[in-house]
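Residue strings, one per chain:
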Amino acid sequence: MRVLKFGGTSVATPENIQKVKSILESDKSGRQAVVVSAFGGITDLLLTISQLAANQDETYKKGLVDIEQRHLLAIKKLIPVQNQSAILSKVKSDLNILETLLEGSFLIGELTPKLSDKIVSYGELLSAFIIAEYLKSQGLDAIFKDSRELIITDESFGKANVDLGITNQNCSLYFDKTSESIVVLPGFVSSSQNGDSTTLGRGGSDYTAAILASALNSDALEIWTDVSGMYTANPKLVKQAKSISNISYEEAMELSHFGAKVLYPPTIQPVLDKNIPILIKNTFEPEKEGTYIAKSIDENGKTVRGISHVENISLVSLEGPGMVGIPGISKRFFETLANEGISIVLITQASSEHSICIGIADSDVERAVSALTVAFTYEISIQKIKPIQVERDLAIVALVGEHMKSHQGLSGKMFSTLGKNNVNIRAIAQGASERNISAVIQKGDVKKALNSLHETFFEENIKQLNLFVMGVGNVGSRFLEQISQQRDFIKEELQLNIRVIGISNSRTMVFDEDGIVLKDWEERLSNGEKANPVNFFETIKKLNLRNSVFVDNTASEYIAETYPDYLKNSISVVTCNKIACSSDFEYYKNLKQLSKKYGAAFLFETNVGAGLPIIDTLKHLIVSGDRVRKIQAVLSGSLNFIFNTFDETTTFHDVVKQAQKEGYTEPDPTIDLSGIDVMRKILILARESGFRLDIDDIENDAFLPKESLETDSNEAFFESLKKYESDFQDILHEAKQSSSKLKYVAEFEDGKAKVGLNHIPKGHDFYNLEGSDNVVLFYTDRYTNQPLIIKGAGAGAEVTASGIFADIIRIGNF
């Protein structure tokens, strides 16, 4: 005998019921017992209108009309016209009885558990009858059987206890006697020995099916729903979640206990007792494999089988010195909650006996606190125990796996993953079987926690990085272009899945939690909302995605001042903006400390040398124990380009214009030509070398006339260059006279730094520096006579973008 159960979504509409028929008629191997739920949403509607009726609210009648219309419409859509009359008559008769029951509740202003069971049972009774008649009308050998005639219970209305002895006998006798190929039965409903309608409580339809499968010694129990089995995590929250092909009973129950809605553990006990396997299948994708649940499963060495969660949890704590060494405190605590009918989801207790902490549903908190306060009134009054403490708006996430106990380090891996993503753990619990490890976290962190853990345990080491890009000018646009070009390669070769979630320029900003398609980013941004740096940050916080990275491609001081906000929320920062690292030393130091404290990277490789690995190399020197003695460098690609291009055939004004046009200078070229940009860079190198230095400590031998430095616009600046052209030609002539080249050099030695325009003679390391190249010479304890030299392109949007990209990769490998 094949036993199948179809849930509410599987029979929610006439179209869905037709899919059920296709599943049933595809199996010609034998007889089938088919348990069905009420049409999707009907049970909830019945509960609602019964409560309205009891409150003497006449709006219950509208809900009753909706119920009638849905069932009559189903008949008209499913049953051929010539067969409808008798079916409509029977259904209308049942609906009339339902109306009478509701009227009675309305008149007396009361809804007893017994009456509630009578009312709510009509959802399954009507559904099963209509489906059976539909199958018969389509030529299938089907019959309707009222489950109340088979499943006998006590009179615990709302959640009746089944008399399995009588029930199993009834089922065996009926199915031995009947000959139809398909028997359709309503789930959830049953009756007492006195013949009163009862219901089996939450998961009642699953329970009905499990009882039948056990009584009939079925080969398997098939549960058909709207998902393709049990998943490694909730697919609505974790898009990378995968269907679990097979799993043990115990693992399935652990996952179900912590939020997986496919099964309700208590209801499947009848099949567990007989080791009857359960198959979870998708009504809408019947060809999918689904999940096979059995006593013993070959897991192919897998440890963690799934990650589940349950929301709307509160922690209730009993704490105080009067608990230590006092027998019976725990008994009183749990007994009080049991007497209130409060279910405990999680328990943790300090080994010092100083506190007991439990997790319960939010809806039970008020009753729990009230009851516990009464129970421990005396101890609280003499301050032996503190007043009951409550933390709300929490959730539980749990790793589940049968063989986790035989693998070391899983707990550490779990907590480390959560910690790196700024998910604060409020409580932890692990059963002696080590089949699950549970952590209580803030409800708002659930999605990030699930995705982070799923990435760690299930995604074959593919790490997802979620980028939020501020500034899409020359550098920013090329950065996005490079990501778009290399994304697939990086995912394949480096196991990094890089997604751009947010983009902003000075006018608009746009977000897409699923990732912005980069070929369309300009169009998306042009149609985005008004740009606002505060709202940009708040949106990143609200999205609360794992491995979030803020990328600053601006030269804005205001944006640089927002870095602490990002780091404090464990959002990494990658920046080509030099302002933060060259500002006040205490601010720079604070950013480094925040990065360590909150486990968020703060990377700024492009602050010096664009895409050259200057800062990264310096960091490795320091970490390995080397000490920097002296630094000599040409750090301005723009100034190097200018003085390599400037000769007797050109004007200084035209060369600077060309440098600006080709993207070598900052938007404000005085930043480059004043020397302030080079000062910032040597300052950053000195600080990264371990020295305390501020910008005011650096000597700047400026070559620009004072008038040029004090201009207040680019137009005025370029006009001043024309005015002083002869001065620039004199500087050039002087260098030519000594067979030297002009280079703007930065030096750091003995804790002091200076920058200025130098004459570089032939044979010097800087003499043949071409175009916009940079060069840095590090003299250290290890590199004394021959310095460590780093040389290459040090300016330009393309190489700067590649340097930012390199920092992103560093975070991915962090």
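The model shown is predicted, which means the values in this text are computed figures rather than measured ones.

A few points about the pattern of salt bridges
All chains considered together, the criterion is met by 38 salt bridges. In this structure, D146 engages R148 in a salt bridge whose closest nitrogen and oxygen atoms are separated by 2.8 Å. Residue class for R148 comes out partly exposed when judged on its relative accessible area of 23%. In this structure, K723 and E707 form a salt bridge, with 2.9 Å as the shortest nitrogen-oxygen distance. Of the two residues, K723 is situated in helix α28 (residues 714–723) and E707 in helix α27 (residues 706–709); the sequence distance between them amounts to 16 residues. Since its relative accessible area comes to 54%, K723 is described here as exposed.

Focus: the pairing of strand β22 (residues 548–552)
In terms of burial, β22 is a largely internal element, five of the five residues being buried. Burial along β22 is two-sided: S548, F550 and D552 and V549 and V551, pointing in opposite directions, are all buried. Examined bridge by bridge, strand β18 (residues 463–470) and β22 share five bridges and lie parallel to one another. Note that in β22 the partner of V469 across the bridge is V551. Inspection of the sheet shows β22 paired to strand β23 (residues 572–575) by four bridges, in the parallel sense. Looking at β23, one finds that D552 is bridged to T575.

Quick look at helix α15 (residues 446–458)
Relative to the 18 Å expected for 13 residues at 1.5 Å per residue, α15 spans 17 Å between its end C-alpha atoms, a close match to the ideal helical length. Here α15 lies mainly inside the structure; 11 of its 13 residues are buried. Burial in α15 covers these residues: V446, K448, A449, L450, N451, S452, L453, H454, E455, F457 and F458. On its buried face, α15 sits against β12 (306–319), β15 (389–400), α14 (410–420), β17 (436–442) and β18. A positive backbone phi angle near 50° is found at E460, which sits one or two residues after α15.

A few points about unusual backbone geometry
Backbone geometry places Q56, a non-glycine residue, at a positive phi of 55°. By the element assignment, Q56 lies in the loop between α2 (42–54) and α3 (60–78). In this structure, N547 is a non-glycine residue whose phi angle is positive, near 50°. You can see N547 is positioned in the loop between α18 (533–543) and β22.

Section: the nonpolar core
Formed by 77 residues in total, the largest nonpolar core has its most connected members in F652, I682 and F703. In terms of residues, this core owes the most to one element, helix α26 (residues 676–688), which gives seven residues. Setting aside its immediate chain neighbours within four residues, F703 contacts L639, F643, F652, L673, F728, I731, Y744 and L757. Core analysis: the next-biggest nonpolar cluster, separate from the first, contains 51 residues, V34, I49, I87 and L126 among them.

Brief notes about the environment of R70
Within the secondary structure, R70 is located in helix α3. With 58 residues separating them in the primary sequence, R70 and A12 have C-alpha atoms 9.6 Å apart. Once you skip the residues sitting within four places of it in the chain, R70 turns out to touch A12, F39, G40 and I42. Of the polar contacts made by the side chain of R70, one reaches the backbone oxygen of A12; its length is 2.7 Å.

Concerning the packing of aromatic side chains
Across all of its chains, the model carries 24 aromatic pairs by this definition. A centroid spacing of 6.2 Å and a plane angle of 85° characterise the contact between F479 and F805, whose relative ring orientation is edge-to-face. Taken as a pair, F479 in helix α16 (residues 474–494) and F805 in helix α30 (residues 797–812) lie far apart in primary sequence, 326 residues in all. Like F479, the residue F805 is buried in the burial classification. Among the aromatic residues, ring-to-ring pairing joins F468, F511, F536, F537, F550, Y563, Y566, F602 and F604 into one connected group.

A closer look at helix α21 (residues 585–597)
Here α21 spans 18 Å end to end across 13 residues, near enough to the 18 Å set by a 1.5 Å rise per residue. Taken together, the buried positions of α21 are F585, Y588, L591, L594 and S595. The inward-facing, buried residues of α21 abut α20 (563–568), β24 (602–603) and α26. Sitting at the head of α21, D584 places a side-chain oxygen 3.1 Å from the backbone nitrogen of E586. Positive phi appears at G599, one or two residues downstream of α21, with a value of about 60°.

With respect to the side chain of E379
Structurally, E379 is set in helix α13 (residues 377–381). With near-sequence residues (within four places) excluded, E379 lies in contact with R332, K384 and I385.

Regarding the sheet that holds β12
Two pairing modes exist for strands in a sheet, parallel and antiparallel, and in both the strands are linked by backbone hydrogen bonds. Strand order in the open sheet formed by six strands is β13-β14-β12-β15-β17-β16, with antiparallel pairing between adjacent strands. Every other strand in the sheet has two partners, leaving β13 (344–349) and β16 (425–430) as the edge strands with one partner each. Within the sheet, the average angular offset between the axes of one strand and its neighbour, ignoring direction, is 30°. Pairing analysis gives five bridges linking β13 to strand β14 (residues 355–361), with the strands arranged antiparallel. Considered in β14, the bridge of I347 is made with I358. Sheet strands in contact with helix α12 (residues 365–375) are β12, β14 and β15, and its direction is about 120° off that of β15. Of the strands in this sheet, β12, β15 and β17 touch α15, which is tilted by about 125° from β12.

Calculation criteria
- Residues numbered from 1 in each chain as written.
- Predicted model: local features only at pLDDT ≥ 70, side-chain atom pairs only at ≥ 80, totals over all residues.
- Heavy atoms only, no water.
- Salt bridge = Lys/Arg side-chain N within 4 Å of Asp/Glu carboxyl O.
- Buried < 20%, exposed > 50% of the residue type's maximum accessible area, 1.4 Å probe, protein only.
- Helix = DSSP H or I, 4+ residues; strand = E, 2+ residues; numbered from the N terminus.
- Pairing = 2+ DSSP bridges.
- Expected span 1.5 Å × (residues − 1).
- Contact = heavy atoms within 4.5 Å.
- Core = buried A, V, L, I, M, F, W, Y, C linked by side-chain atoms within 4.5 Å.
- Polar contact = N/O pair within 3.5 Å; in protein donor to acceptor, adjacent residues only side chain to side chain.
- Phe/Tyr/Trp six-rings, centres within 6.5 Å; stacked < 30°, edge-to-face > 60°.
- Axes fitted to C-alpha atoms, helices over the stretch in contact; angles between N-to-C directions.

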